[in-house]
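Observations on the three-dimensional arrangement
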Amino acid sequence: MRVLVVDDEPAARAKLRRLLAAHADVEAVFEAADAPTALALLAREGAVDLALLDIEMPGGSGLQLAAALPPGTRHVFTTAYAEHALRAFELGALDYLLKPFHAERLAQTLARLREQLALPTPAAALAAPPGQWWVSTRSGRQRIALAEVQWLAAADNYVSFELPPQSFLERGTLGALLERPELAGLFLRVHRCHAVNPQHVRVVTPLAGGEAQLRLSSGAELRVSRGYREVLDQLR
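Here we summarise the structure given alongside this text.

Reading the values: the criteria
- For every chain, the first residue of its written sequence is number 1, and the numbers climb from 1 along that sequence.
- Confidence filtering applies because this is a predicted model: local features only for residues at pLDDT of at least 70, side-chain atom pairs given and counted only at 80 or more, and all residues used for totals across whole chains, interfaces and linings.
- Here the side-chain values reflect all heavy atoms present in the structure, with hydrogen atoms and water set aside.
- A helix here means a DSSP run of H or I that spans at least four residues, while a strand means a run of E at least two residues long, and both kinds are numbered starting from the N terminus.
- Residue exposure (1.4 Å probe, protein chains only): buried if accessible area is under 20% of the type maximum, exposed if over 50%, otherwise partly exposed.
- Note on contacts: a residue pair qualifies if any of its non-hydrogen atoms lie within 4.5 Å across the two residues.
- Using a 1.4 Å probe, accessible areas were evaluated by the Shrake-Rupley method; residue-level cover was limited to the displayed protein chains.
- Charge convention: Lys and Arg are scored as positive, Asp and Glu as negative, and His as well as the terminal groups of each chain are ignored.
- Here the site of a charge means atom NZ of a Lys, CZ of an Arg, CG of an Asp or CD of a Glu.
- The pairing test for Phe, Tyr and Trp rings, Trp by its six-membered ring, is centres within 6.5 Å, and the orientation test on the planes gives stacked under 30 degrees, edge-to-face over 60, and tilted for anything in between.
- Here, a charge over a ring means that NZ of Lys or CZ of Arg falls within 6 Å of the ring centre while also lying within 35 degrees of the ring normal.
- Residues belong to one nonpolar core when they are buried, are Ala, Val, Leu, Ile, Met, Phe, Trp, Tyr or Cys, and are joined through side-chain atoms within 4.5 Å.
- Here, a strand pair is defined by DSSP locating no fewer than two bridges between the strands.
- By convention a crossover is right-handed if, when the strands point away from the viewer, the path from the first strand over the helix to the second runs clockwise.

**Focus on the overall build of the protein chain**
When helices and strands are tallied, the protein chain shows 8 helices and 15 strands. Taken along the three principal axes of its C-alpha coordinates, the protein chain extends 65 × 40 × 30 Å. Burial statistics for the protein chain: of 236 residues in total, 44% are counted as buried. The long-range share in the protein chain, meaning contacts at least 24 apart out of those at least 6 apart in sequence, stands at 47%. Surface summary for the protein chain: the accessible area is close to 12,100 Å², and the carbon and sulfur share equals 52%. Side chains of the protein chain give 25 positive and 26 negative charges; the mean places of these two sets differ by 4 Å.

**Concerning the packing of aromatic side chains**
Considering all chains together, one arrives at 3 aromatic pairs under this definition. With a centroid separation of 6.4 Å and an interplanar angle of 50°, the aromatic rings of F77 and Y96 are classed as tilted. Within this pair, whereas F77 is found in strand β4 (residues 74-79), its partner Y96 is found in strand β5 (residues 95-98), the two being separated by 19 residues in sequence. Exposure remark for Y96: the relative accessible area of 9% places this residue in the buried category. Consider the rings of F89 and Y96, whose centres lie 6.4 Å apart with planes at 40°: the pair is tilted. Every member of this aromatic cluster is reached through a ring pair, and the members are F77, F89 and Y96. Stacked on the ring of F101, the Lys or Arg K15 has its end atom at 5.0 Å from the ring centre. Here the basic side chain of R143 rests over the ring of W134, its NZ or CZ set 5.8 Å away from the ring centre.

**Things to note about the nonpolar core**
The nonpolar side chains of a soluble globular protein tend to be buried, and buried together. One finds L4, V6, L53, L65 and F77 to be the most contacted residues of the largest nonpolar core, which totals 24 residues. Of all the secondary-structure elements, those providing two or more residues to this core are β1 (2-6), β2 (28-32), α2 (35-45), β3 (50-53), α3 (62-68) and α4 (85-90). If one sorts the elements of this core by residue count, α2 sits on top with 4 residues. Dropping the residues within four chain positions of it, L65 is found in contact with V6, A35, A38, L39 and L53. In terms of nonpolar packing, the next biggest core, distinct from the first, is built from 17 residues, L50, L94, L106 and L113 among them.

**Re the pairing of strand β11 (residues 188-191)**
Pairing analysis gives 3 bridges linking β11 to strand β12 (residues 194-196), with the strands arranged antiparallel. Considered in β12, the bridge of H191 is made with H194. Counted between consecutive antiparallel strands, the loop separating β11 from β12 contains 2 residues.

**Concerning the pairing of β1**
The buried fraction of β1 is high, at 4 of 5 residues. Across 5 bridges, β1 lies against β2 in parallel orientation. Residue pairing in the sheet places V6 in a bridge with A32 of β2. Of the crossover connections in this fold, the one passing from β1 over helix α1 (residues 10-20) to the parallel β2 is right-handed. Bridge count for β1 against β3 is 4 bridges, and the pairing is parallel.

**Quick look at unusual backbone geometry**
Residue P100 is reached from K99 by a cis peptide bond, and omega for that bond is -5°. Residue P165 follows P164 across a cis peptide bond; omega there is 10°. Following the sequence through the fold, P165 ends up in the loop between β9 (158-163) and β10 (166-171).

Now the structure itself:
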């Protein structure tokens, strides 16, 4: 499993790294001293199975960081303050470890994580019907109608399914998702960073240099880059 440790105290990070090293299935441990660094690390290294988060940190609390983690990231708080436990579990925390904790207490948490990782996701247990897609939310997985998705946007190692005012992140690249048979033909790639659902295009405005501006049914606007101008004929 891949684990992210976020704590502004080097000694606390070192202790967790040492305790995690005792578990053979912990294949990678990443460290960050604050929330911005943690989010940048996730964008660079990809998803983790578990985030161990301190709460009181400069640059943003662990509670704020938990709310900003990629969907589906399990997290545990490691803190000296018991008073944040209720809010932590409201944010979906897997566990709450009060410092100082011992190896046995962390082992209990990892055992609980292993049980969750062994469970099949709804997407694996039940395929979505044609025209629908499973997306991740903080409360689990849910199905959305692809016809309601106005555009797909690349976001580092994720793709955002945009259904204004909602959006859902799915791990992967835009190019790879557009090759999936469920999405093939439903979206047109108009830029290296986004693909549009033609059914939601309301206005196409030509721009200089072969580019264009699209206005969608939600009022959102997307740019058609010069490299994809051949798709304009399919939007008129």
